[in-house]
Amino acid sequence: MTVVEPVKRPTVPSGTASVLVAGVTVWLLAPNGTARLALVGQLATLGVLAGGFALFRRDHRPLGVVAAFVGLVAWVGALAVAATATADLGEALVSLPGMAGLLALALALAPLRGSGSRGLLKLGAAGVTLSVLAAGLFGSVPLRTLLVCGAATFLAWDLGENAVNVGEQLGRRATTRRLEAAHGAGSLLVGGVAVGAGTVVSDVGSSGLPLPALALLLASVLLLAGALHG
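What counts and what doesn't
Residues numbered from 1 in each chain as written. Predicted model: local features only at pLDDT ≥ 70, side-chain atom pairs only at ≥ 80, totals over all residues. Heavy atoms only, no water. Helix = DSSP H or I, 4+ residues; strand = E, 2+ residues; numbered from the N terminus. Expected span 1.5 Å × (residues − 1). UniProt positions renumbered as here; feature names shortened; annotations may be inferred. Salt bridge = Lys/Arg side-chain N within 4 Å of Asp/Glu carboxyl O. 1 Å grid on protein atoms, 1.4 Å probe; cavity = no way out; pocket = protein on both sides within 12 Å on 5 of 7 lines; lining within 4 Å. Points joined across faces, edges and corners; volume = space filled by probe spheres on them. Nonpolar A, V, L, I, M, F, W, Y, C, P; charged D, E, K, R; others polar. Contact = heavy atoms within 4.5 Å. Axes fitted to C-alpha atoms, helices over the stretch in contact; angles between N-to-C directions. Parallel < 35°, antiparallel > 145°, perpendicular 65-115°, else oblique. Left-handed = near helix turned anticlockwise from the far one by under 90°.

**Looking at helix α6 (residues 143-170)**
So, step 1. Taking 1.5 Å as the rise per residue, α6 with 28 residues should run 40 Å; its terminal C-alpha atoms sit 40 Å apart, in good agreement.
So, step 2. Of the residues flanking the end of α6, it is Gly171, one or two places downstream, whose phi is positive at about 95 degrees.

Written as C-alpha cells, this is what we have:
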C-alpha cells in the first residue's frame, strides 16, 4: 500500500485571504487613484508570480520560470508607478512599505520551495504596519479608517500564520475549508471588537488626538486584538 505524504505548504484559502486583506488595507491607505490602480496591478502580478511558482513545482519549469519572471518584473513596474504617483515623502511612506509587504506575504504563502516562511510573513505584516503607522503620523486617513486598517493588518498576519500552521499539520490537500473559515471568522470578530474598543476610546477623548496618543491608541488596538485572539 502506497502512503501519500501530505503536501506541507501553506493552505490556499487562508493564504489567499491573507494577501487580499493586506491588499485592501493598503488600498484604503493609498493617497490617490493612481496609487490604487497600481496596487490592483500589483495584486494581479502577484497572482502571475504565484502561478509561475506553482508551474515550477509541478515540473513545468521553463514555463514557470518565465511566468515568475514576468510577474516579478510587472510587480516592479507597478511599484514604480505607485512611487511616481506620490507627491511627497509622506505619501511615499504611506504607500510603498505596504506594497512591498504584499510581495513578502505572497512569497511567504506561495513559496517556490518549502512549507512557507514565517519570517517573510512577519516582514510582510511589518511592511503593511509601517504604512498604517505612516498614515497615522501624517493624518492622511480618518481615525476610524486607521483603526480598521490596524485591525486588518493583524487579521492578514493571523490568516497567513494559520495557512502555514494548517499546511504543516494537515497538508495542503486536506479538506480544511471549514476549519479555516471558522478560524477566520473568529479572527474577524476579534478585530471588530478591537476596532470598536478603539473607537469608543477615541470618542471619549477629543476629536483631534495628539500624535503620541494616536500612536498609543493604534498600538493598543493591535495588542488588544492579539490578546483576545491568544
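**Remarks on the UniProt feature "transmembrane region" (unreviewed entry) in the protein**
So, step 1. Feature annotation in UniProt places "transmembrane region" (unreviewed entry) on residues 12-30, 36-56, 63-86, 92-112, 119-137, 143-160, 181-201 and 207-228, given in this structure's numbering.
So, step 2. Structurally, residues 143-160 is divided into 100% helix and 0% strand, and its ends, taken at the C-alpha atoms, are 26 Å apart.

**A few points about the pattern of salt bridges**
Side chains bearing opposite charge may pair, as long as their charged atoms lie close to each other.
So, step 1. As enumerated under the stated definition, the model contains two salt bridges in all.
So, step 2. Taking the shortest distance from any N to any O, the salt bridge between Arg118 and Glu168 comes out at 3.0 Å. Placement of Arg118 in helix α5 (residues 118-138) and of Glu168 in helix α6 is noted, with a sequence separation of 50 residues between them.
So, step 3. One network of salt bridges, in which partners are shared, links Arg118, Glu161 and Glu168.

**Let's talk about the layout of surface pockets**
So, step 1. Of the volumes computed, that of the largest pocket is approximately 530 Å³.
So, step 2. Along the walls of the largest pocket sit 20 residues, with Val12, Thr16, Ala50, Ala110 and Arg172 positioned nearest its centre.
So, step 3. When residues of the lining of the largest pocket are traced back to their parent elements, those giving at least two are α1 (12-29), α2 (33-57) and α4 (89-109).
So, step 4. For the lining of the largest pocket, the element with the highest residue contribution is α2, accounting for six residues.
So, step 5. When its residues are assigned to classes, the lining of the largest pocket shows 11 nonpolar, four polar and five charged.

**Let's talk about the environment of Leu120**
So, step 1. Looking at the secondary structure, you find Leu120 in helix α5.
So, step 2. Apart from residues lying up to four places away in sequence, Leu120 is in contact with Ala104, Leu105, Leu107 and Ala108.

**Points about the packing of helix α3 (residues 61-85) against α4**
Pairs of packed helices are described in terms of their axes, by the angle between the two and the distance that separates them.
So, step 1. Interaxial distance between α3 and α4 falls to 9 Å at its minimum, and their mutual angle equals 170 degrees. Viewed along their axes, α3 and α4 adopt a mutual orientation that is roughly antiparallel. Seen from above, α3 lies across α4 with right-handed handedness. Every residue of α4 that contacts α3 at Trp75, Leu79, Ala82, Ala83 and Ala85 is listed here: Glu91, Leu96, Met99, Ala100 and Leu103.
So, step 2. Tallied by class, residues from the contact of α3 with α4 come to nine nonpolar, no polar and one charged.

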